[in-house]
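# Chains, contacts and geometry: an overview
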Amino acid sequence: MKIEKISKMALYICIGIILVSFAAFLTIGYDNPVGDNNEPILTDIIMWLMYLLVIATAGLTVWSGIKGIASSKGTDPAASTGVPGGKVSLITWGLFVASVVVGFVLGIGEEAFTAADGTVTSAGWVTVVDAFCVSIAILTLAAAAAVIVSMTGVLTKSAIKK
């Protein structure tokens, strides 16, 4: 099976699982008032889905990096694809670090958070959560921009076609 076919199938499976999970979350027991709050019954499904997707993404990223390094030994991938992989990696890591720093700076000075049940989260952890939330927003926008650039083929037009 070609890699493109596998990739499309994996994408469709992930989209299907996500859509079914969110549909179940929003339709089964979503309105479950507990005191002054709403506690949807299937919140655990969304949480476990998130954990599973993060672990799968991290594992596939490491696997892809190892395979990419192994397959490009001694060759210049930019010569055949037109995509400067080293620059893309450097920009990706730079954007990640910058987004976390921006999130941390924006979260400085947060106060401790007290939940409805009396659980207190320290100000430090609230700052960490804020940093990651801002980082996620920045990286989501960057990923959307990267998909748009990738779909236009702007970076591959200079590649040598065989």
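Since the structure is predicted, the reported quantities are computational estimates derived from the model, not experimental observations.

## A few points about the overall build of the protein
Looking only at helices and strands, one finds five helices and four strands in the protein. When the elements of the protein are put in sequence order from the N terminus, they spell out α-β-β-α-α-α-β-β-α. For the protein, contacts bridging at least 24 residues in sequence account for 49% of all contacts bridging at least 6. Carbon and sulfur atoms form 73% of the exposed surface of the protein, whose accessible area is close to 12700 Å².

## Observations concerning the side chain of Thr127
Relative to the helices and strands, Thr127 is located in helix H5 (residues 123–152). In contact with Thr127, not counting residues within four places along its chain, are Phe104, Gly107, Ile108 and Glu110.

## What about H5?
For an α-helix, 3.6 residues make a turn, and residues three or four places apart therefore share a direction. Between its first and last C-alpha, H5 extends 44 Å over 30 residues, near the 44 Å set by a 1.5 Å rise per residue. For H5, the full list of buried residues reads Val126, Thr127, Ala131 and Ser135. In the segment just after H5, Gly153 is the residue with positive phi, at about 80 degrees.

## A short note on the packing of helix H1 (residues 3–27) against helix H2 (residues 43–71)
As a packed pair, H1 and H2 sit with axes 9 Å apart at the nearest point and diverge in direction by 160 degrees. One element, H1, and the other, H2, form an angle in the roughly antiparallel class. Every pair of crossing elements has a handedness; the one defined by H1 and H2 is left-handed. In this structure, H1 uses Ile17, Ile18, Ser21, Phe22 and Phe25 to contact H2, whose residues at the interface are Thr43, Ile45, Ile46, Leu49 and Leu53. Here the residues of the contact of H1 with H2 sort into eight nonpolar, two polar and no charged.

## Topic: the packing of aromatic side chains
The way to describe two aromatic rings as a pair is by their centre distance and the angle between their planes. Tallying each qualifying case throughout the model produces three aromatic pairs. With a centroid separation of 5.5 Å and an interplanar angle of 85 degrees, the aromatic rings of Trp48 and Tyr51 are classed as edge-to-face. Here Trp48 pairs with Tyr51, and both are found in helix H2, just three residues apart, close to one helical turn.

## Quick notes on the side chain of Ser135
Assignment of secondary structure puts Ser135 in helix H5. Apart from the residues within four sequence positions on either side, Ser135 is in contact with Ser99 and Val100.

## As for a nonpolar patch on the surface
Judged by side-chain polarity, Trp93, Phe96, Val97, Val101, Phe104, Val105 and Ile108 come together as a nonpolar surface patch covering roughly 710 Å² of accessible area. In this fold, Trp93 is placed in helix H4 (residues 85–107).

## Observations regarding the environment of Asp130
Among the secondary structure elements, Asp130 is positioned in helix H5. Ignoring any residue separated from it by four or fewer positions in sequence, one finds Asp130 in contact with Gly103, Gly107 and Glu110.

## Things to note about the environment of Phe132
Among the structural elements, Phe132 can be located in helix H5. A relative accessible area of 45% places Phe132 in the partly exposed class. Between the C-alpha atoms of Phe132 and Val102, which are 30 residues apart in sequence, the distance is 9.7 Å.

The rules we used
- Note on numbering: residues in each chain are counted from 1, in written sequence order.
- For a predicted model such as this one, the threshold for reporting local features is a pLDDT of at least 70, and the threshold for listing and counting side-chain atom pairs is 80 or more; totals across whole chains, interfaces and linings nevertheless cover every residue.
- Side-chain measures here rest on the full set of heavy atoms in the structure, leaving out hydrogens and waters.
- Labels follow the DSSP assignment, with helices taken as runs of H or I lasting at least four residues and strands as runs of E lasting at least two, numbered in each case from the N terminus.
- In this description, contact between two residues means that some pair of their heavy atoms is separated by no more than 4.5 Å.
- Computed with the Shrake-Rupley method and a 1.4 Å probe, the accessible areas treat only the protein chains shown as cover for residues.
- To estimate the expected span of a helix, subtract one from its residue number and multiply by 1.5 Å.
- Note on exposure labels: buried denotes an accessible area under 20% of the residue type's maximum, exposed denotes more than 50%, and partly exposed covers the range between, all computed with a 1.4 Å probe on protein chains only.
- Every axis in this analysis is a line fitted to C-alpha atoms, fitted for helices over the stretch in contact. Angles between the N-to-C directions lie between 0 and 180 degrees.
- Our angle categories are set so that under 35 degrees counts as roughly parallel, over 145 as roughly antiparallel, 65 to 115 as roughly perpendicular, and the remainder as oblique.
- Should the near helix be turned counterclockwise from the far one by less than a right angle, the crossing is left-handed, whereas a clockwise turn marks it as right-handed.
- Amino acid classes used here: Ala, Val, Leu, Ile, Met, Phe, Trp, Tyr, Cys and Pro are nonpolar; Asp, Glu, Lys and Arg are charged; the rest, including Gly, are polar.
- Whether two aromatic rings pair depends on their centres lying within 6.5 Å, for rings of Phe, Tyr and Trp, where Trp uses its six-membered ring; planes under 30 degrees apart make the pair stacked, over 60 edge-to-face, and the rest tilted.
- Here, patches come from residues exposed beyond 30% relative accessible area and free of salt bridges, joined within 9 Å for like charges and within 5 Å for nonpolar side chains (Val, Leu, Ile, Met, Phe, Trp, Tyr).
- Any carboxyl oxygen of Asp or Glu that lies within 4 Å of a side-chain nitrogen of Lys or Arg is treated as forming a salt bridge with it.

Purely geometric stuff here, so don't read any function into it on its own.
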